[in-house]
Every structure is written in structure tokens, then in C-alpha cells.
Amino acid sequence: MSGSSFLAVRLQFFSWKWGAGLLVLLIIAPLVFVASNRGFHGVRHILRIPNISAVAIPALHADEWREPYKIIPIDFDNDGDTEQLVGFNKIIRVIDFRANPPRVLAREYINPVDDQTVYNQDVGDLNGDGFPDVVAASGQNFVSVLLNDAGKGFSSHRDYFADGETRGTKLADVNGDGNLDLLYTTQDDGYLKVRLGKGDGTFREAVSYDASPKPYSIAYRDIDGDGDIDIAVPNESINSVSLFYNRGDGTFEDKVQLQTTGERANHIAFDDFNGDALPDMLVANWHSPTENPWAFFDGNSISLFLNRGERDFSDPIALPSLKGSCWLKTADLDNDGDVDFVASNWLSNATSVYTNDGEARFSIQNYETGAGNYGLLLSDFDGDNLKDILTTNYFEESFSLLLSNGNPGYSMHKKFYPAWH
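Being a predicted model, the structure only gives us computed values, none of them experimental. (Residues numbered from 1 in each chain as written. Predicted model: local features only at pLDDT ≥ 70, side-chain atom pairs only at ≥ 80, totals over all residues. Heavy atoms only, no water.)

## As for unusual backbone geometry
Right, so step 1: Backbone torsion omega between Asn100 and Pro101 reads 0°, so that peptide bond is classified as cis.
Right, so step 2: Looking at the secondary structure, you find Pro101 in the loop between β5 (91-96) and β6 (103-109).
Right, so step 3: With an omega of 0°, the peptide bond between Ser212 and Pro213 qualifies as cis.
Right, so step 4: With respect to the helices and strands, the residue Pro213 is situated in the loop between β14 (207-210) and β15 (219-221). (Helix = DSSP H or I, 4+ residues; strand = E, 2+ residues; numbered from the N terminus.)

## Comments concerning the confidence of the model for the protein
Right, so step 1: Residues at a pLDDT of 70 or more form 85% of the protein, whose mean pLDDT is 87.
Right, so step 2: Predicted confidence is poor over residues 1-42, with pLDDT under 50, and the contacts of this stretch with residues over four places away or in other chains come to 21 contacts. (pLDDT = per-residue confidence, 0-100. Contact = heavy atoms within 4.5 Å.)

## Looking at the sheet that holds β6
Right, so step 1: Strand order across the open sheet formed by four strands is β3-β4-β5-β6, with antiparallel pairing between neighbours. At either end of the open sheet lies a strand with only one pairing partner, and these are β3 (71-74) and β6. Adjacent strand axes in the sheet meet at a mean angle of 25° when their direction is disregarded.
Right, so step 2: In the sheet, strand β4 (residues 83-87) pairs with β5 via four bridges, with the strands oriented antiparallel. Bridging from a neighbouring strand, Val86 pairs with Arg93 of β5. (Pairing = 2+ DSSP bridges. Axes fitted to C-alpha atoms, helices over the stretch in contact; angles between N-to-C directions.)

## Description of the pattern of salt bridges
Side chains carrying opposite charge are able to pair once their charged atoms draw close together.
Right, so step 1: Enumeration according to the criterion identifies 15 salt bridges in this entry.
Right, so step 2: For Asp224, the salt bridge goes to Arg311, with nearest N and O atoms at 3.0 Å. Of the two residues, Asp224 is situated in the loop between β15 and β16 (230-235) and Arg311 in the loop between β21 (300-305) and β22 (317-320); the sequence distance between them amounts to 87 residues.
Right, so step 3: Asp224 sits in the buried class, given a relative accessible area of 19%.
Right, so step 4: In this structure, Glu253 engages Arg311 in a salt bridge whose closest nitrogen and oxygen atoms are separated by 3.0 Å. Separated by 58 residues along the polypeptide, Glu253 in the loop between β17 (240-244) and β18 (256-259) and Arg311 in the loop between β21 and β22 bring together distant segments of the chain.
Right, so step 5: Among the charged side chains, a network of salt bridges with common partners joins Arg66, Glu67 and Asp115. (Salt bridge = Lys/Arg side-chain N within 4 Å of Asp/Glu carboxyl O. Buried < 20%, exposed > 50% of the residue type's maximum accessible area, 1.4 Å probe, protein only.)

## Considerations on the environment of Asp312
Right, so step 1: Along the chain, the position of Asp312 falls in the loop between β21 and β22.
Right, so step 2: Overall, Asp312 belongs to the partly exposed group, its relative accessible area being 32%.
Right, so step 3: Beyond its immediate sequence surroundings of up to four residues, Asp312 is in contact with Leu306 and Asn307.

## So, the environment of Asp115
Right, so step 1: With respect to the helices and strands, the residue Asp115 is situated in the loop between β6 and β7 (120-124).
Right, so step 2: With a relative accessible area of 51%, Asp115 lands in the exposed category.
Right, so step 3: Residues Asp115 and Asn89, spaced 26 residues apart in sequence, show a C-alpha to C-alpha distance of 6.8 Å.
Right, so step 4: Those residues within four positions of Asp115 in sequence are excluded, and the remaining contacts are Arg66, Asn89 and Lys90.

## Digging into the sheet that holds strand β13 (residues 191-195)
Right, so step 1: Spatial strand order, β11-β12-β13-β14: four strands in an open sheet with antiparallel pairing. At either margin of the open sheet sits one strand with a lone partner, and together these are β11 (166-172) and β14. When strand polarity is set aside, the average angle formed by the axes of neighbouring strands in this sheet is 20°.
Right, so step 2: Strand direction decides the pairing type here: β13 and β14, joined by four bridges, are antiparallel. In the sheet register, Tyr191 faces β14, and the bridge partner there is Asp210.

## Topic: the packing of aromatic side chains
Right, so step 1: As enumerated under the stated definition, the model contains 26 aromatic pairs in all.
Right, so step 2: When the centroid spacing of 5.2 Å and the interplanar angle of 75° are considered together, the rings of Phe341 and Phe362 count as edge-to-face. Of this pair, Phe341 sits in strand β24 (residues 340-345) while Phe362 is found in strand β26 (residues 362-368), placing the two residues 21 residues apart along the sequence.
Right, so step 3: Exposure remark for Phe341: the relative accessible area of 0% places this residue in the buried category.
Right, so step 4: A network of ring pairs unites the aromatic residues Tyr69, Tyr119, Tyr216, Trp286, Trp327, Trp346, Tyr374, Tyr394 and Phe395 as a single cluster.
Right, so step 5: One residue, Lys70, lies across the ring of Tyr69, its end atom 4.3 Å from the ring centre. (Phe/Tyr/Trp six-rings, centres within 6.5 Å; stacked < 30°, edge-to-face > 60°. Lys NZ or Arg CZ within 6 Å of the ring centre and 35° of its normal.)

What follows is the structure, given as C-alpha cells:
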């Protein structure tokens, strides 16, 4: 066979092979997509509430409203009404979303120079003046402590140096002396840090505990029923959580690690889901270990550990979820006496409501929010004694308020956008 004839045969062969491969791909790809997204019209169906209204938040300085991330409740001015503390890029802000339009009560730069989102924040009275103070994990190598100036703003801002980039932070009295202590994680070096509070708004030197690899947020509860506070930390780079049992004096035993049902554990919530008076542990994971890259929806990436007492948890129960499950809040949403929960989904632009049947079995409904749905809180925003959902939408730089109709269900969606002056 001549060289030209041989080349023609090879080209014909590769042309046939490429065409056949394309044909197989066109046949198989839709099947893979359907298989990987089964349940789209079932537990993973996302409901878009038709009744949507847009609300403008009067705002100055567009760069101060970038990347709304975590959101927690705070009664900043101690008047009995709850406002919301939001972490943004560089800054934190206290906002009253019940006001019309929403109003800002206070703000403070955490990262005034570097382009860095505030990762987590918590509130508590650190100096005994009756007003809630604020701590914030900067994402840099420090954690910030802000003392409340009687609801008029912040009177003091002190940064505590950390040996790594801070991610999670919480305030809790871990040694039982009546003073709130400062807990935070440093992700790049893999530690949980504990600074005991002095009761005057300042803290003692940090004690470090190995929480590797890549500790993120912090949850706490008396897990073993001995009367003191234990700590749980999700490991963001692998499928595990680390438990730290309190020795009773504010120091902690070495970590106990539990494997989750999903990868990149992100957030932990404790509550009693099966009515046995023991705190069960719920873990939000970004995705399942068998995640299909073709899938728009994810598999079982929320893990439920049932507490059996004496520091023993059941094997994790895998609960269905959307992609990017990242934050959890628990409450009795339907007023039937058992604990339900809500999960935000960073990669699915939706919030998921899990309704408990009383035996830790859940029905699921997903509600569309906005791009980059991450932070969330539950509160009554319209005075009907029902738990509404407020979320931060990081990429869209907006907030979504889902108003409960008590079924449980949500029939009205308000979106809040900053309006520049």
C-alpha cells in the first residue's frame, strides 16, 4: 500500500471512529444527565414563588455592600426588637430588615485594606453592660472584638492576632465562670483556638487544639450531658467533623473524628430530632462523595448523626440535598412539637426546608432565592408568630426574605437590594 493510500485509510478510520464516538456521546449524555438528576420533580424540585417584590435599601458606597455572606440575629440597641448582623467584603453591618425601608444601625470595617470577606461573626455581652458585643473572623490572621456603645455604634475595636487565617468564631462560657470565652479556628494551620474571657471585654492568651485538616465553622453544645460545653468543628477539605469534649474546666480532650456522608463538611447544627432529649448532630456538606460532574443536583450531602448517649453517635444518615449545602438552622417550623431545619445551598441558588415527621424522617421542599445563597436565619418578620427565612445571596449581592404561610410553606418572596445615592 502506498503512503498516500495508507494515510487515506487512517483518516477514514479516525473520521468513522470520531463520528461513532460523537454518536455514543449524544446518546449517553442525556441518559447520564437524567440519571444524575433523578428526583428533579421530586425532593430536588426547586419552587419559584411567583409573588416576588423588590425592596431598596438606602445605601452609600457600593463597595461596602459587596458579597453578603453570614447573617445572625442581634438586638443591637437592646430595645427588645431583633436586628440582623451581616458580614460583607471588608465590613460588618447591623441592619433592621423589619423597618421599611431597612435601616442600618451600625457598621465597622474588619478588613479596611485587604479585599477579604468577613467569614463568620457571633454576638454576646462581653463586658456586662447589657448590650451585645461582636466578634468577627476576618479571613486574615486576626479575630476582631467590637464593643457595643450602648446601641449607638461601636466604642472599641481590638484585633487579636492569630497564627493562621481565621474562619469560624463563637462566644461561649466553656469554663463555667460566667464570662463568655472566645473560640475561633485558623484554617491554614489547622487549629481550634480558645481564649478565656476576663469579663471586661478582653481575653487571655489562646490555647490551641489540633483540629486539622482545614477546620471551618464552630458549633457547641453539651453533647455528653455532663453539664459543660463541648465543641464540634467541620473539616472543610475532607468528609469529617472533629469533636472536642470539655474536661469540665474549659480545657478539651484531643479531637474525636467522625466521618460524614459528604465531602467538604461546612457547618454543624445540634438539636433533638427524634425526641429522646439528646442533642443530635446535623452536618452540611458541599457535595456527596460520588458527585457526578454532569449533575445539576447533588446526592446525599447532609449528614444526620443521632446521639445515643455516652459520647456515642449512630452511623450518619445521608439526607438528600441540592448542590453546595453549606449552612443550617433548626426550629419547629410547623408548630407540631418536633424539630425541622433549613439548609442554604451555595451552588443551587435555593434554600431547602426539611420538615420532620417526629422520628427524624424528613419531607423536603426547595425554594428559589438568589445566586450564591449562603447565610440564613429564621425569625418572625411579619408578626404572625411563624418562622420566616432570610438569606444572603453572595453573588447577586442581595437578600431574600421568604414569608411563611404556616403549612409549613412559603408563599411570598421579598428581595432586598442596596440602592445607591
